[in-house]
Amino acid sequence: MIRVEEALERILGSMNNLEEEETPLLKAMGQVLSRDIHSSIDVPPADNSAMDGFAVQAESTQGASPSSPQVLRVIAEVAAGDPPTGPVGLGEAVRIMTGASVPPGADTVVQFEDTDEEDRRNQRESLSHIGICREVPAQLNIRRAGEDILRGSMVLERDTVLNPPQIGVLASLGMARVPAIRRPVVAIIGTGNELTPLGEALPPGQIYDSNTYALAAQVQGLGGIPRMLGIARDVEEDLRQKVHLAMEADLVLTSGGVSKGDYDMVKDVLAQEGEMNFWTVNMKPGKPLAFGLFRHGERRVPHLGLPGNPVSSMITFAVFGRPAVLKMMGKGKIPLYTMDAVLEEPVTNRDGRRYYARVCLSRQNSQVLARLSGPQGSGILTSMAQADGLAVVPEGTTHLRAGDRVQVMLLEWNKERSY
Ligand code: AMP
Ligand code: MG
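Residues numbered from 1 in each chain as written. Chains lettered and ligands numbered in written order. Predicted model: local features only at pLDDT ≥ 70, side-chain atom pairs only at ≥ 80, totals over all residues. Heavy atoms only, no water.

### Comments concerning the overall build of the protein
No. 1: Secondary structure summary: the protein contains eight helices and 27 strands in total.
No. 2: Here the C-alpha radius of gyration of the protein, 32 Å, is well above what a compact globule of 419 residues would show, namely 22 Å.
No. 3: Counting over 419 residues, the protein shows a buried share of 48%.
No. 4: For the protein, the proportion of contacts with a sequence separation of at least 24, taken over those separated by at least 6, is 71%.
No. 5: About 20,000 Å² of surface is accessible on the protein, with carbon and sulfur atoms providing 50% of the total.
No. 6: Put simply, the protein has 42 plus and 52 minus side-chain charges, and the middle of one group is 7 Å from the middle of the other. (Helix = DSSP H or I, 4+ residues; strand = E, 2+ residues; numbered from the N terminus. Rg over C-alpha atoms; globule rule 2.2 N^0.38 Å. Buried < 20%, exposed > 50% of the residue type's maximum accessible area, 1.4 Å probe, protein only. Contact = heavy atoms within 4.5 Å. Areas by Shrake-Rupley, 256 points an atom, 1.4 Å probe, with all protein chains shown as cover. Lys, Arg positive; Asp, Glu negative; His and termini not counted. Charge placed at Lys NZ, Arg CZ, Asp CG, Glu CD.)

### Some thoughts on the site of ligand 1
No. 1: With respect to spatial proximity, 15 residues lie near ligand 1, and among them Glu194, Asp209, Ser210, Gly257 and Gly308 are the closest.
No. 2: At 3.0 Å, a backbone N or O of serine 210 approaches a nitrogen atom of ligand 1.
No. 3: Between ligand 1 and the protein, one listed contact pairs an oxygen atom with a backbone N or O atom of asparagine 309 at 3.2 Å. (Near = heavy atom within 4 Å. Polar contact = N/O pair within 3.5 Å; in protein donor to acceptor, adjacent residues only side chain to side chain.)

### Quick word on the packing of aromatic side chains
No. 1: Under the defined criterion, the tally for this structure stands at two aromatic pairs.
No. 2: Summarising the aromatic geometry, the rings of phenylalanine 54 and phenylalanine 112 are spaced 5.8 Å apart at their centres and angled 65° between planes, so their arrangement reads as edge-to-face. With phenylalanine 54 in strand 4 (residues 53-56) and phenylalanine 112 in the loop between strand 7 (108-111) and helix 2 (117-122), the pair connects residues that are 58 residues apart, well separated along the chain.
No. 3: When its relative accessible area of 1% is taken as the criterion, phenylalanine 54 is described as buried. (Phe/Tyr/Trp six-rings, centres within 6.5 Å; stacked < 30°, edge-to-face > 60°.)

### Regarding the side chain of serine 255
No. 1: Relative to the helices and strands, serine 255 is located in strand 16 (residues 251-255).
No. 2: Residue serine 255 is classed as buried on the basis of its relative accessible area of 2%.
No. 3: Looking at serine 255, its side chain comes within polar contact range of the side chain of asparagine 211, at 3.2 Å.

### Brief notes about the packing of helix 5 (residues 236-245) against helix 6 (residues 266-273)
No. 1: Between helix 5 and helix 6, whose axes approach to 10 Å, the crossing angle comes to 55°. With respect to helix 6, the axis of helix 5 lies oblique. Taken as a pair, helix 5 and helix 6 cross one another with a handedness that is right-handed. Facing Glu236, Leu239, Arg240 and His244 of helix 5, the residues of helix 6 in contact are Val266, Asp268, Val269, Gln272 and Glu273.
No. 2: When its residues are assigned to classes, the contact of helix 5 with helix 6 shows three nonpolar, two polar and four charged. (Axes fitted to C-alpha atoms, helices over the stretch in contact; angles between N-to-C directions. Parallel < 35°, antiparallel > 145°, perpendicular 65-115°, else oblique. Left-handed = near helix turned anticlockwise from the far one by under 90°. Nonpolar A, V, L, I, M, F, W, Y, C, P; charged D, E, K, R; others polar.)

### Focus on the pairing of strand 11 (residues 177-181)
No. 1: Counting buried residues along strand 11, four of its five residues qualify, which places the element largely inside the surrounding structure.
No. 2: Across five bridges, the pairing between strand 1 (residues 20-24) and strand 11 is antiparallel. Bridge pairing links glutamate 21 to alanine 180 in strand 11. (Pairing = 2+ DSSP bridges.)

### Brief notes about the sheet that holds strand 4
No. 1: Across the sheet, which stays open at both edges, the five strands sit in the order 7-4-6-5-8 with mixed pairing between neighbours. Both edges of this open sheet fall to strand 7 and strand 8 (129-132), since each of them pairs with a single strand only. Taking each pair of neighbouring strands and ignoring which way they run, the sheet shows an average axis angle of 40°.
No. 2: Note that strand 4 and strand 6 (residues 92-96) share three bridges and pair antiparallel. Along strand 6, the bridge assignment pairs phenylalanine 54 with arginine 95.

### A closer look at the environment of valine 235
No. 1: Along the chain, valine 235 falls in the loop between strand 15 (225-232) and helix 5.
No. 2: Distance in space between the C-alpha atoms of valine 235 and glutamine 111 is 78 Å, their sequence separation being 124 residues.

### What to know about the nonpolar core
No. 1: One finds Ile11, Leu253, Val281 and Phe320 to be the most contacted residues of the largest nonpolar core, which totals 42 residues.
No. 2: Among the elements of the structure, helix 1 (4-13), strand 12 (185-191), helix 4 (211-222), strand 16, strand 19 (288-296), strand 20 (299-306) and helix 7 (310-328) are those that each provide at least two residues to this core.
No. 3: For this core, the element with the most residues is helix 7, which contributes eleven residues.
No. 4: Beyond its immediate chain neighbours, meaning those up to four positions away, valine 281 contacts Met1, Ile2, Arg3, Val4, Ala7, Lys287, Leu289, Phe320 and Arg353.
No. 5: Within the second largest apolar cluster, 19 residues are counted, among which are Ile189, Val243, Met247 and Ala290. (Core = buried A, V, L, I, M, F, W, Y, C linked by side-chain atoms within 4.5 Å.)

### Remarks on unusual backbone geometry
No. 1: Of note, the amide linkage connecting valine 43 to proline 44 takes the cis form, showing an omega dihedral of -5°.
No. 2: Inspection of the secondary structure assignment puts proline 44 in the loop between strand 2 (37-38) and strand 3 (48-49).
No. 3: In this structure, proline 285 follows lysine 284 across a cis peptide bond, with omega equal to -5°.
No. 4: Note that proline 285 resides in the loop between strand 18 (283-284) and strand 19.
No. 5: A positive phi angle, near 50°, is found at arginine 124, a position not held by glycine.
No. 6: Among the structural elements, arginine 124 can be located in the loop between helix 2 and strand 8.
No. 7: Among the residues examined, arginine 124 registers a relative accessible area of 77% and is labelled exposed.
No. 8: Phi is positive for asparagine 141, close to 60°, though the residue is something other than glycine.
No. 9: For asparagine 141, the location among the structural elements is in the loop between strand 8 and strand 9 (142-143).
No. 10: Among the residues examined, asparagine 141 registers a relative accessible area of 19% and is labelled buried.

Printed below as a string of structure tokens:
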């Protein structure tokens, strides 16, 4: 029996960052930048107004007050998107909208509320002039060219994960495509004579294939690209055919066929198609695990043979497959989401393997509480669906009491929830 860490280390030892590709900006959401990004422009590109108002020289407003406004001549009007107008002299004003370029000569913007425009309108007076009702300093209500990003500066470093704000920043530079580490293609194969594809009637003795869907959803949730290759029957030839279809992928997942049952042949096929390790990992659920490398010409395609029980397959993917996919995506250094919690009920771990118990979390004052999300059999997928995370009962610990502390691994799809 090997430790979880040892198995993980060996698996990750065979995974590399994938190559970079030019990715359309929005599609790169969740991917990792493969190069430093420098800006070729100032953002914003020009001084522009942060308010609707009048662009003037601050000096023109000296001594202005509501009772004795400084009356300036309005020489032009400029809206967002218009080319800049001509220069503004002393005693002059340009009516300006938010986002419009500040005209040369003007050094400040007086917002409408500090002018008599409203009164002039109400009294149907000419708008060829405007009264400024307040003395304003220079640089008021102006967004400076380059105040967000200076031309030539480093904006985002390589290895940055592209989340919504990063996508926004890259868009502000005008980048329609970005250099990013490409997404891994993960081939997924179910194994078993008992499996019926979804959408078909269920014959006696059969069950629906749930694993390949749950696994594909996990892969997709991480940002990988699942390739569903269907179900291999429990004959070597069938599995071999599916494996050949998987050879363009970056990782092959199989579920089932790795325990010591009569029809287990994943290991036999692997042994012929590549190198293979067949492990008994000190964990529950999910003890049997195969890991190997398929040979395909010069390429070596990593293969993770997950157990067939639906919960075991999801949990072994969370423990071993997730870090493998993340490493390929260039996210190998991103830590797992774990949190401390206090057990609300006792947990028994009969055989003392490391036990990943499905738990629901809740908050009580400053503590996070964990309770089992339902029956813990490795075929009970609904208690996985109820769970917020997996409480890790360490190796050798057979009993935990209510009130004991546990580490909880948050499940990928719950990581944004706060408890
Ligand atoms: P195995 O490791 O192939 O013996 O499978 C262990 C258990 O998981 C058996 O009860 C299988 O029926 C079940 N199982 C295997 N593959 C799947 C699948 N794709 N979907 C649902 N259950 C499965
Ligand atoms: Mg089977």
